[in-house]
Amino acid sequence: MKRSLGTCYYPEHWPEEIWTQDAKRMADMGLSWVRIGEFSWAKLEPSPGQLQWDWLDRAIDVLGRHGLRVVLGTPTATPPRWMADRYPDMFAVDADGHPRGFGSRRHYCFSHRGYFAESQRITRLMAERYGANPHVAAWQTDNEYGCHDTTLSYSEAARVAFRDWLRDRFDGDISALNAAWGNVFWSMDYRDFSDIGLPNLTVTEPNPAHVLAFKRFSSDLVVAFNRAQVEIIKQFSDAPISHNYMGRITDFDHFKLGEDLEIATWDSYPLGFLEDRVGATPQEQRAYARQGDPDFQALHHDLYRAVGRGRWWVMEQQPGPVNWAPYNPAPLPGMVRLWSWEAFAHGAEAVCYFRWRQAPFAQEQMHAGLLRPDSEEAPAAAEARQVAEEIQTAPMVQPAQAPVALLFDYDADWAWSTQPHGAGLSYFGLVLDHYKALRRAGLSIDILPATAREFGGYDLILAPGLMHMPEDLKAALADCEGDVLYGPRTGARDAHFNIPTAPLPPALPGLDVIVSRVESLRPDMPVPLAVGGAATRYLEELEGDAEVLLCTAAGAPVVMRNGEQIYCGGWLDAEALDRLIAQVGAAAGLTMRRLPDGVRTRRTATEEFWFNHTAAPVETEVGLLPAAGVVRRALEAGE
Amino acid sequence: MKRSLGTCYYPEHWPEEIWTQDAKRMADMGLSWVRIGEFSWAKLEPSPGQLQWDWLDRAIDVLGRHGLRVVLGTPTATPPRWMADRYPDMFAVDADGHPRGFGSRRHYCFSHRGYFAESQRITRLMAERYGANPHVAAWQTDNEYGCHDTTLSYSEAARVAFRDWLRDRFDGDISALNAAWGNVFWSMDYRDFSDIGLPNLTVTEPNPAHVLAFKRFSSDLVVAFNRAQVEIIKQFSDAPISHNYMGRITDFDHFKLGEDLEIATWDSYPLGFLEDRVGATPQEQRAYARQGDPDFQALHHDLYRAVGRGRWWVMEQQPGPVNWAPYNPAPLPGMVRLWSWEAFAHGAEAVCYFRWRQAPFAQEQMHAGLLRPDSEEAPAAAEARQVAEEIQTAPMVQPAQAPVALLFDYDADWAWSTQPHGAGLSYFGLVLDHYKALRRAGLSIDILPATAREFGGYDLILAPGLMHMPEDLKAALADCEGDVLYGPRTGARDAHFNIPTAPLPPALPGLDVIVSRVESLRPDMPVPLAVGGAATRYLEELEGDAEVLLCTAAGAPVVMRNGEQIYCGGWLDAEALDRLIAQVGAAAGLTMRRLPDGVRTRRTATEEFWFNHTAAPVETEVGLLPAAGVVRRALEAGE
Amino acid sequence: MKRSLGTCYYPEHWPEEIWTQDAKRMADMGLSWVRIGEFSWAKLEPSPGQLQWDWLDRAIDVLGRHGLRVVLGTPTATPPRWMADRYPDMFAVDADGHPRGFGSRRHYCFSHRGYFAESQRITRLMAERYGANPHVAAWQTDNEYGCHDTTLSYSEAARVAFRDWLRDRFDGDISALNAAWGNVFWSMDYRDFSDIGLPNLTVTEPNPAHVLAFKRFSSDLVVAFNRAQVEIIKQFSDAPISHNYMGRITDFDHFKLGEDLEIATWDSYPLGFLEDRVGATPQEQRAYARQGDPDFQALHHDLYRAVGRGRWWVMEQQPGPVNWAPYNPAPLPGMVRLWSWEAFAHGAEAVCYFRWRQAPFAQEQMHAGLLRPDSEEAPAAAEARQVAEEIQTAPMVQPAQAPVALLFDYDADWAWSTQPHGAGLSYFGLVLDHYKALRRAGLSIDILPATAREFGGYDLILAPGLMHMPEDLKAALADCEGDVLYGPRTGARDAHFNIPTAPLPPALPGLDVIVSRVESLRPDMPVPLAVGGAATRYLEELEGDAEVLLCTAAGAPVVMRNGEQIYCGGWLDAEALDRLIAQVGAAAGLTMRRLPDGVRTRRTATEEFWFNHTAAPVETEVGLLPAAGVVRRALEAGE
């Protein structure tokens, strides 16, 4: 498949007389895809039951006639105002008990049956009308599930549904639930499923098993909401169905939701993320303010390649300053091109710029587009055009299996956030730190879900922080050919958030290590390792007869190994992680490099890419990389 | 008119037997004015309809007999407890939906019709009784409108009134509102005005047009509340009517409210403000902890001179430590005198010290007065007495038009706070930074409202950050004689908070500049200018053929000029602002100086004043200024 | 009485088949006491009225048969889920008005009459059954009153009860209340007690007299709740009754509650406290992260010795990492032993480790025990065993009166927190700073309640910050033999939170000092004293003819003295406090030392103890103290 570009367009925002010109300019710029419709419900159905499709018919027609392929979004992220009259209790409720009402977007509770039916109704109407439209080449369900903290809702509808979900899970046996959760601890036992409330507004922290169950339930609701739309669309259309996930939204299981979709897409805002979601230090913030973190987007690319089982896009690519971060700088010239090529290097089929034209009104009026509000080209337009030209002569999308796999598990993220044990500790942060160390060593990485059981072809597999590991996953990893690096906190909990005791964690077959004690540490109290670097913020006391690979300066084991099984009992800083990766990578037979700061590489089956994320030229083995520079190098056969 | 002093007194707080002595001591200290009554409703009407005027009759009589002129306050900021029984829904509601109940002050919602009627009733009763009293020489409405964040209320009453206000504004045409607000953006369209809610408790940010409209509506409510009292008082009294505004309260339009009043007064607490409202750095906090910011009070003086159309007072002057700031130090000896003279230098008719005697009970018991709680004199008393003596021989109040005008627009402040684009950016802060630069250059300044259309006599006019500029204001500024310095963000929005697109902002007649892109920056990422100094936190990309006055070190234009029209596209730091003022001031023919740190000057028609706000003596061109020193120099004719 | 050890055990958490083994291991480890039952209500009464005592019968029997003495806890801190069906309004309500519901612990409002009756019912049932049980050697009421901010509740039940409490206090005279509170200040007068609301959700700060009264009322509720249980237990049992107070919980009066109990116990978590409650600087946090603050536990030991009128225990002693602090490090080897001996040095009868075995489920699964979750010994077990052996040959519990007394007054803490005047100022912090200075001088200290009137035998008595001093306390201190150090803020308020005015504070007999003005200061603005050190954050201006002991570098008096009465008008930093204690201590005839950092001493009647709280060996006059080292030295007769 050829790489392609696209954009996000809102015909309903603009006078119909400029649609044609817009479509022509998109095509001229080299764009192939145009996503539309996802916020248009009030325009499609201004009053209940009064559907107005004509404008959308014409918009699709205009776009299609100019050779653009339409991605049509179901508009369920923005129910119209009249929906709130019909279902006054349709809103999600925050942890303080306040309803989150009408006036922006995502104002619905996934548990609400009435709104669930409405979301199916509008999806059916849309799919019926456009399922066979030749210009509609793909679908998108809703928009950015979970964005604005909308997965968890403490509504009455959620309470009722949660009880039912638990009753199913425990086969109606409340004593099984009490036992699984350890409710005896503080007289928290229930006599019936109808006793169970939501884990908010408790006096002190609620039972973590209760919290984790509520997160799993909430994730399942999102999956069910999405599945209902997919099933309807499939009745009327053969076009692939996608959803645009948002960066670092982890509160529902993207892998599980993704099983119902053909294509995973995600929305990539490198500069906004750096301010808001990366967890960068002030120094990193300054160094990369106009480029974004050098690894954060790449991690998501690899993640969504896994979620999409190979098929994935960037559905929304930042083209200039955004409106929503604490600070909103402009990208360094060249970064829009770099971000686009980086996505392709990780196997993207398409990159769509959000948005075509900056809207001069409403919430996102400070969000740049390819065009300025006065319809002149913004700086990103030229970079998009350059990429469009470059992909004409570039090879097909052809990913290659990476030599290293990194397991990513949404459930583990929920478990960590339920009981992080130390302020600021997060599973996502731990995974990102490991991912960064792999990247600094010049490695390409595949991300795998915790449901993976086949690990053939990987020299090294990482499973940091995977709090609960099913026994068959343990067995599969123990049996696979590659070396496996676990920990910290891998296997630390059973399925209901209890500490396994026979033996203590990690309880990995073939690995003679137990975690006998755990401590969290102030960030200003690193524990130095004997060889340099340090464990920071989280450290386990390890016992067992496995070989000690790394130990603290005081001699306590930190990394231990039995054959191909390696366990790391601390959150290592960058220096220590680099040493560990170098050591275990070498043992696993990996080819590694030490890349200059901010330089990253990535391989597909046919090419090796080099990216300079810094604001200055950098000398590399493929020559001088200018600031924001990209080098594509064709691989020799067998290289 | 002679300059005069006064104080704020609460006869109801003290045994009647000491009233006479208090009055005598006030007169002996040289005070002329005494404000009373503004929190006394429960004393005047302890039960509904049972009025008790006798004590107030006697208090006014005692004060008047000692030669004091009374400012009588309507007591509507503190409705009695029984009012809440009559109107249980009379309270304002905070953004989380919690009512803000009885137990302190300002516990009412401006939208509540029942309380509105009650406020008129008590005003009428008070005006009837004292309108002709010869000792009542001025009135005050309510107390510190807006203080404690009381302008915005998310009550049901506010919701209903907001809809009606919008219906009026849009002539009942809901589609006009939808269009003006860009509600199509996220399917936010309304079918009827009754659909419209308040912009709180939304999932993510509400439409900024919605927010700004709600702020404008809320300001109008304050104006109407005040006007109702003024109209009643005027039926019974010829004495001038005032209101005491609080420092850096910007959430209603003081100019608009002030149109109904004869005198503007404000409450000046320099040390409390420095901790709480100035936005000072820790270094500035330390340097000026006992003096207050050298410009913050002056800016308010100039502001309220404009609000009062020339007639203004300080109604409450800090005399010692206050109770309400995070830290409450004592003033440096001499500062109470300095603050008093500074007010006179800016044209104040009167300065009243708050309060006569420190109350040993209730909320403000740690708020100093002229007297201690044991009735001995606090340190401020001697300084007040000195000022009283000094004004005996001082010239009359005689302001002169300043050479520089600075536009101040409450609506702009609402617009900035609605969508600041970068953390910590505020219109007020931008105006203060410009005001400070003008003051460091030794200039006297007039503040003008955005409704001004006559600019004769000003050599330089500044209009920074004036987000929405009506076309006739643009024309008036383009046509005036003086040079005009706009930006950043001037003209950035139309009347409904949309970005103008034909052309892009600032769209100023005769100025060939457009803002093609906007970015906000982390405070630790200043963008250096070629000539020194930097743009910080906010920077616009400018295009156009105007002359470039200042550019970044990388060569991007920051300040551009066509003739008398100058546009600055960045938030400049102090060094850059000093350069800019020096440059444009010189071009405008202004006489400027570079004043030592913490020294400020101000001219009236007859005198030049020098103030040393530092804690050490400073050598100046008028000689050695001691710490907290004041020099008054009579001006030669024509100087 | 012999010193003894114990542990906290939850038989209901573990299979019955391991109870015997657990009991045997406890006894083998040298433990004598085992506390049980305090969270077991749902196990005892799984459905309303269906009591299940058999398991508890057997558990007590097993433990008793192994020679363990049982402390039986009433289970009222964790009412079962069905209680919420019976009393849906039984929950406390937070200051925002949100109920604090079921799902953790302490989910009840002390004002709720229905739950109050239930708490008595279960207490009676338990006391009836076990009052005569020979193994039940002590009782505990409830668990950690006040923990998780549960003393204050803004419920409807609290509102009604508060009014009644006030009506009693003011003999039904509402005008007396209005006068006492200064309600005239902002028209806050009430016409009837039924008008009075709770002091939350006001527009700005409520009347401090109102707040303080509500805190006193809330404290009384806790005392009454506890007393009801005590009175019931005493009908059936002669065993002593205790309650386990939590560290730095000050929102109810422990002295008053303690009058109803035979033994005071407290829960000591040195590492958790250091992170959370000590107010340590980052440097101190790092230096003592694995040891805890060197004085915080000792202060509590002395406090609870006073609360228990000599009889006190540590009921819960931290044995390893806990789960609830921001960071949860492991203790330095030796610290569990040090903490145990430190308690004994301060006169503890028993030290119980919390908990026997780490629970692998529910909220506290990351809280270490003497055993790991897999029943192996955790590191603390060996240290407990060592202490158990050491106490075999140690002297009996035999406290001696200390040479120095420090008054501690819960009411003063409420007053400070009601109106701290400066950010971060707290009474507890002030007392801790004084206590630390005394300890650095090598002194043993007795803590006394503000109800003490006998001060015989003390050379020096400290009464810092005791905001309200009854006249007879003033007289008793003025008359006692020792020297007395008051201030800052001592005597600053009358009984209803008004400033005394005739004369101004401190109004101490025989001391010619008044506080003429008060200021609070930014922490980065210390006011240097002439002799070194500084006053920080809070400073009073003193007038009077008393002798000046210390003054600022600018010459303002800070410490003044008349004979045995000494007043300090500032919050002194450590250097200045050390000087002051050295000076007044010498004058009082105290024997003092300058101890090395982190080394502390404490004397009983028979022994002198030395403790090294640092992580490195320290040379002292009793020899080299290893890290976490303890030296016990028998005292010569008369030493």
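Note that the coordinates shown come from a computational prediction; the quantities given were computed from them, not determined experimentally.

Engineer: How should the interface of chain C and chain A be read in this particular structure?
Structural biologist: Much of the literature gives interface size as the accessible area that the parts lose upon coming together. The partner chain A presents 45 residues to the 58 residues of chain C that form the contact. Regarding the contact of chain C and chain A, the summed buried area is about 4,400 Å², with carbon and sulfur atoms giving 57% of it. Here chain C is connected to chain A by three salt bridges. For C:R372, the salt bridge is made with A:E543, and the minimal N-O distance between the two is 3.4 Å. Where chain C touches chain A, the interface holds 24 residue pairs in polar contact (both at pLDDT 80 or more). Elements supplying a minimum of two residues to the side of chain C that touches chain A: α2 (41-44), α4 (81-86) and α11 (282-287) of chain C. In terms of residue class, the side of chain C that touches chain A is built from 27 nonpolar, 17 polar and 14 charged.

Engineer: Is there a simple way to explain the packing of helix α1 (residues 19-29) of chain A against helix α3 (residues 54-65) of chain A in this structure?
Structural biologist: Residue and element names in this part refer to chain A. Following both chains from N to C, one finds α1 and α3 inclined at 35 degrees, their axes separated by 9 Å at the closest point. Crossing of α1 against α3: the hand is right-handed. In this structure, α1 contributes W19, T20, A23 and M26 to the contact, and α3 contributes W55, R58, A59, V62 and L63. In terms of residue class, the contact of α1 with α3 is built from seven nonpolar, one polar and one charged.

Engineer: What is the right way to read the interface of chain B and chain A from this model?
Structural biologist: Each side of the interface is counted separately: chain B has 45 residues, and chain A has 58 residues. Ranking the residues of chain B by area buried against chain A places B:F185, B:W186 and B:V203 at the top, with a combined share of 19%. Connecting chain B to chain A are three salt bridges. For B:E519, the salt bridge identified is with A:R290, shortest N-O distance 2.6 Å. For the pair chain B and chain A, the number of links is 24 residue pairs in polar contact (both at pLDDT 80 or more). Here the side of chain B that touches chain A gets six residues from one element, more than from any other, and that element is strand β13 (residues 514-520) of chain B.

Engineer: Would you take a moment to explain the pattern of salt bridges for this structure?
Structural biologist: Two side chains with opposite charge may pair up if their charged atoms get near one another. All names here are of chain A. Inspection of the entire model under this criterion finds 150 salt bridges over all chains. D374 is the partner of R372 in a salt bridge, and the nearest nitrogen-oxygen pair spans 2.8 Å. Note that R632 and E607 form a salt bridge whose closest N and O atoms lie 3.5 Å from each other. Separated by 25 residues along the polypeptide, R632 in strand β24 (residues 630-634) and E607 in strand β21 (residues 607-612) bring together distant segments of the chain.

Engineer: How should the sheet that holds strand β21 (residues 607-612) of chain B be read in this particular structure?
Structural biologist: Each strand in a sheet pairs with another by means of backbone hydrogen bonds, the pair being arranged parallel or else antiparallel. Residues and elements named next belong to chain B. Strands sit in the order β20-β21-β24 across an open sheet of three strands; the sheet is antiparallel. Only two strands of the sheet have a single neighbouring strand rather than two, namely β20 (599-603) and β24 (630-634). Averaged over neighbouring strand pairs, the angle between their axes works out to 15 degrees when direction is ignored. Taken together, the five bridges between β21 and β24 define a ladder with antiparallel strand orientation. The residue of β24 that forms the bridge with E608 is R633. Those strands touched by helix α13 (residues 335-345) are β20, β21 and β24, and its axis lies near 150 degrees from that of β21.

Engineer: When you look at the relation of the copies chain C and chain A in this model, what are you seeing that I'm missing?
Structural biologist: Between the two chain copies there is a screw-like relation: a rotation about an axis and a shift along it. For the pair chain C and chain A, the relating rotation is 120 degrees, the translation along its axis is 0.0 Å, and the fit reaches an RMSD of 0.0 Å. A rotation of that kind, with that shift, is consistent with a three-fold axis. Ranked by how close their C-alpha atoms come to the rotation axis, the residues of chain C are headed by C:D96, at 5.5 Å. When the interface residues of chain C are mapped onto chain A, a mere 2% of them again fall at the interface, so the copies present different faces.

Engineer: Just checking my understanding: could you explain the sheet that holds strand β20 (residues 599-603) of chain A for this structure?
Structural biologist: All names here are of chain A. Spatially, three strands are ordered β20-β21-β24 in an open sheet, and the strand pairing comes out antiparallel. A single partner strand is all that each edge strand has here, and the edge strands are β20 and β24. Each neighbouring strand pair of the sheet contributes to a mean axis angle of 15 degrees, computed without reference to strand direction.

Engineer: Sorry if this is basic, but what is going on with the pairing of strand β3 (residues 69-73) of chain C here?
Structural biologist: Both faces of the sheet carry side chains from a regular strand, because those side chains alternate between them. Residue and element names in this part refer to chain C. For β3, a buried count of four out of five residues is recorded, marking the element as mostly surrounded by other parts of the structure. Two strands pair when backbone bridges link them, and strand β2 (residues 33-36) and β3 are joined in this way by four bridges, in the parallel orientation. Its bridge partner lying in β3, V34 is registered against V70. In the sheet, β3 pairs with strand β4 (residues 136-140) via four bridges, with the strands oriented parallel. Paired with V70 across the strands is V136, a residue of β4.

Rules of the game
Sequence positions are assigned chain by chain, starting from 1 and proceeding in written order. Whichever chain is written first is A, and whichever ligand is written first is 1; the rest continue in order. In keeping with the model being predicted, local features are shown solely for residues with a pLDDT of at least 70 and side-chain atom pairs are shown and tallied solely at 80 or more, while totals for entire chains, interfaces and linings include all residues. Note: side-chain values were computed over all heavy atoms of the structure, leaving out hydrogens and water. Contact criterion: two residues are considered in contact whenever any of their non-hydrogen atoms come within 4.5 Å of each other. As used here, buried area is the combined drop in accessible area, with a 1.4 Å probe, of two parts when they are placed together. Throughout this description, the term salt bridge denotes a Lys or Arg side-chain nitrogen within 4 Å of a carboxyl oxygen of Asp or Glu. Pairs of N or O atoms within 3.5 Å make up the polar contacts considered here, provided that, within protein, one atom can donate a hydrogen while the other can accept it, and that residues adjacent in sequence are counted only when both atoms are side-chain atoms. Working definition: helices are DSSP H or I runs of at least four residues, strands are E runs of at least two. Numbering for both runs from the N terminus. Each residue gets one label: Ala, Val, Leu, Ile, Met, Phe, Trp, Tyr, Cys and Pro are nonpolar, Asp, Glu, Lys and Arg are charged, and the others, such as Gly, are polar. Every axis corresponds to a line fitted to the C-alpha atoms, with the helix fit spanning only the stretch in contact, and the corresponding angles, defined between N-to-C directions, vary from 0 to 180 degrees. The handedness criterion is simple: a crossing whose near helix is rotated anticlockwise from the far helix by less than a right angle is left-handed, and one whose near helix is rotated clockwise is right-handed. Here, strands pair whenever DSSP counts at least two bridges between them. The superposition of copies rests on a least-squares fit of C-alpha positions from residues with pLDDT of 70 or more in both. With a 1.4 Å probe rolled over the protein chains alone, any residue whose accessible area is under 20% of its type maximum counts as buried; one over 50% counts as exposed, and the rest are partly exposed.

Everything listed is a geometric property; what it means functionally is a separate question.
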